[in-house]
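# Structural characterization, general
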Amino acid sequence: MKNEILSNLDNPGKLERLYREDKLTFKREFSALYPEIKDNLLITFWKERLAPASEEISWGSSKDLLFVIIVSLVAGIIAKIPAMFQIDEEWFYPRNIGFIIFPALAAYFAWKNNLSAGKILGIVGTMLAGLIFINSLPGIVDESDTLLLSCIHLGLFLWSILGFAFVGQIQNDDEKRLRYLKYNGDLVVITTLIVIAGIIMTGVTIGLFSLIGLKIEKFYFEYVVVFGLPAAPIVGTYLIQANPQLVGKVSPVIAKIFSPLVLVMLVIYLIAMIYSGKDPYNDREFLLVFNALLIGVMAIIFFSVAETSRTKNQVEIWILLLLSVVTIVVNGIALSAILFRISEWGITPNRAAVLGGNVLILVNLLLVAVNLFKAMSKKGDINGVGKAIAFYLPVYCVWTVVVTFIFPLAFGFK
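One structure accompanies this document, and this report is about it. Keep in mind the model is a prediction, meaning the values are calculated, not measured.

Glancing now at the nonpolar core. If you look at the biggest cluster of nonpolar residues, it comprises 51 residues, and the most contacted ones within it are Phe290, Ile301, Phe302, Leu372, Ile389 and Tyr396. Elements that contribute at least two residues to this core include exactly helix H11 (174–211), helix H13 (250–276), helix H14 (284–307), helix H15 (314–345), helix H16 (349–376) and helix H17 (382–410). Counting residues per element, this core draws most heavily on H15, at 13 residues. Setting aside residues up to four positions removed in sequence, isoleucine 389 forms contacts with Leu178, Leu181, Phe302, Val305, Asn364 and Val368. Val71, Ala75, Phe109 and Phe157 belong to the second largest nonpolar core, which has 44 residues in total.

Written out as structure tokens, the structure reads:
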């Protein structure tokens, strides 16, 4: 659709046919392209034509709604498997929690993107392999480091498979991969709103029934909440895809607000760490928190770049550059700490996983920082930063495969 729009900017008849054939996709692609083509008079007309409709919430066709309802119910049924078949929840959920949501979302995007049968079979086969593998591993997560690592990275692996369903191809497509990151940011925003609304509804419902002497807490949580929680990101995804404008104005604002705030927080945190006497070299728990902080900040950088990939605001670029540099410092501290611990106490599955993850993140952050510096110094543009992020995403996918499937075997399921 994007290429069709670009190649027919001066062809009103063709643009009209494209719009009538697939209104939702046309509006989404047009909104993404508008900053680049807004000088065209015909495009200005289309902007005004689509603007009134953008204020309304579209619920799609009945077929769309039916599909979303079905996959939401399937996700809820998967979440209820332990209760239905008397399976230990502590055994089931750590291994299979990712299979509650990601297959449903992958099915949605495979359907909306009209993926070929071969690609759909590839998605199903890959997820099925992960399902069989993770449920074949011995032990429980409290006693096996490799099992815990495998469970965590399996979720990231399924996220990568969802990315393939979203993009629709393995070949590099910078714009679609960045759009996938933007979709994740938008999904966090709208899912949070849905969950908050659900919490309010839960409190009101239970409170009203308690007034007439009925205690429905057990039933409500076992059937309504268990089905409602998996449905939240699925419904959120559907709303975002059907209404690109729904959180399109909120996410960039969040990115602009949080980037400088996180930068200030990181600098203060590093200074406070020096004065507190805490360090990640001898404190294992502190090292884990330190790495979690690193991943969170990196996610904010990537999300901010995805949101600002078409802007030329030098202040935003400066903030992202400084945030990247400070994050590189944080990464360097974490990397040196894990190398110190390996040299002192030897290699373990956890240390190997953290070491590999930190090295990959460091390389990615350096690429991002270099491209941000080029954009800031006018030797490049912000699109180069997006390309650096998009190109590197498959590297993380490969690492999740290594930790999920190879680590348990390499370390003897310890």
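Picking up where we left off.
Quick look at the side chain of asparagine 350 now. Topologically, asparagine 350 is positioned in helix H16. Judged by relative accessible area, asparagine 350 falls into the buried class, the value being 19%. Residue contacts for asparagine 350: discarding those within four places in its chain leaves Asp145, Leu149 and Arg284.

The contact between helix H7 (residues 89–96) and helix H9 (residues 117–136) brings their axes to 10 Å, and the two run at 145 degrees. The handedness of the crossing between H7 and H9 comes out as right-handed. Between H7 and H9, the residues in contact are Trp91, Arg95 and Asn96 and Leu131, Ile134 and Asn135, respectively.

On inspection of all chains with the given rule, the structure shows five salt bridges. For glutamate 29, the salt bridge is made with arginine 179, and the minimal N-O distance between the two is 3.1 Å. With a gap of 150 residues between them, glutamate 29 in helix H3 (residues 23–37) and arginine 179 in helix H11 connect regions that are remote in the sequence. Taking the shortest distance from any N to any O, the salt bridge between arginine 179 and glutamate 175 comes out at 3.3 Å. Residue arginine 179 and its partner glutamate 175 are located together in helix H11, separated by four residues, close to a single helical turn. Comparing arginine 179 with glutamate 175 shows no difference in burial state: the two are buried. Taken together, the shared-partner salt bridges connect Glu29, Glu175 and Arg179 into one network.

So, on to unusual backbone geometry. A positive phi is found at glutamine 86, a non-glycine position, where the angle reads about 55 degrees. Residue position: glutamine 86 is located in the loop between helix H6 (81–85) and H7. Judged by relative accessible area, which is 71%, glutamine 86 ranks as exposed. The backbone of phenylalanine 413 shows a phi angle near 60 degrees, a positive value even though the residue is not glycine. Along the chain, the position of phenylalanine 413 falls in the segment after H17. With relative accessibility at 36%, the residue phenylalanine 413 sits in the partly exposed group.

Let's shift gears to a nonpolar patch on the surface. Where nonpolar side chains cluster on the molecular surface, the patch consists of Leu193, Ile196, Ile200, Val204, Leu208, Phe209, Leu211, Ile212 and Leu214 and spans about 920 Å² of accessible area. Residue placement: leucine 208 occurs in helix H11. By relative accessible area, leucine 208 is classed as exposed at 54%.

When you line up the elements, proline 244 lands in the loop between helix H12 (217–242) and H13. What makes proline 244 partly exposed here is its relative accessible area of 24%. Sequence spacing of proline 244 and glycine 60 is 184 residues, and the spatial spacing of their C-alpha atoms is 12 Å.

Right, let's get into the packing of aromatic side chains. In this structure the tally under the stated criterion is 24 aromatic pairs. Here tyrosine 108 and phenylalanine 109 contribute two aromatic rings whose centre-to-centre distance is 5.4 Å and whose plane-to-plane angle is 75 degrees, an arrangement assigned as edge-to-face. Both rings, one in phenylalanine 340 and one in tryptophan 345, keep their centres 6.1 Å apart while their planes meet at 85 degrees; by these two values the pair is edge-to-face. Taken together, the ring pairs connect Phe67, Tyr108, Phe109, Trp111, Trp159, Phe166, Tyr180, Tyr183 and Tyr238 into an aromatic cluster. Sitting over the ring of tyrosine 223, lysine 80 keeps its end group 4.3 Å from the ring centre.

This brings us to the environment of leucine 42. Among the secondary structure elements, leucine 42 is positioned in helix H4 (residues 41–54). Sequence-wise, leucine 42 and leucine 15 are 27 residues apart; in three dimensions their C-alpha atoms are separated by 9.9 Å. Apart from residues no more than four positions distant in its own chain, leucine 42 is found in contact with Leu9, Asp10, Asn11, Pro12 and Leu15.

Closest axis-to-axis distance for the H16/H17 pair is 9 Å, and the angle between their directions is 170 degrees. Judged by the inter-axis angle, H16 sits roughly antiparallel to H17. Class assignment for the residues of the contact of H16 with H17 results in 19 nonpolar, five polar and no charged.

Thresholds, definitions, all that
- Residues numbered from 1 in each chain as written.
- Predicted model: local features only at pLDDT ≥ 70, side-chain atom pairs only at ≥ 80, totals over all residues.
- Heavy atoms only, no water.
- Core = buried A, V, L, I, M, F, W, Y, C linked by side-chain atoms within 4.5 Å.
- Buried < 20%, exposed > 50% of the residue type's maximum accessible area, 1.4 Å probe, protein only.
- Helix = DSSP H or I, 4+ residues; strand = E, 2+ residues; numbered from the N terminus.
- Contact = heavy atoms within 4.5 Å.
- Axes fitted to C-alpha atoms, helices over the stretch in contact; angles between N-to-C directions.
- Left-handed = near helix turned anticlockwise from the far one by under 90°.
- Salt bridge = Lys/Arg side-chain N within 4 Å of Asp/Glu carboxyl O.
- Patch = residues over 30% accessible without salt bridge, like charges linked within 9 Å, V, L, I, M, F, W, Y side chains within 5 Å.
- Areas by Shrake-Rupley, 256 points an atom, 1.4 Å probe, with all protein chains shown as cover.
- Phe/Tyr/Trp six-rings, centres within 6.5 Å; stacked < 30°, edge-to-face > 60°.
- Lys NZ or Arg CZ within 6 Å of the ring centre and 35° of its normal.
- Parallel < 35°, antiparallel > 145°, perpendicular 65-115°, else oblique.
- Nonpolar A, V, L, I, M, F, W, Y, C, P; charged D, E, K, R; others polar.

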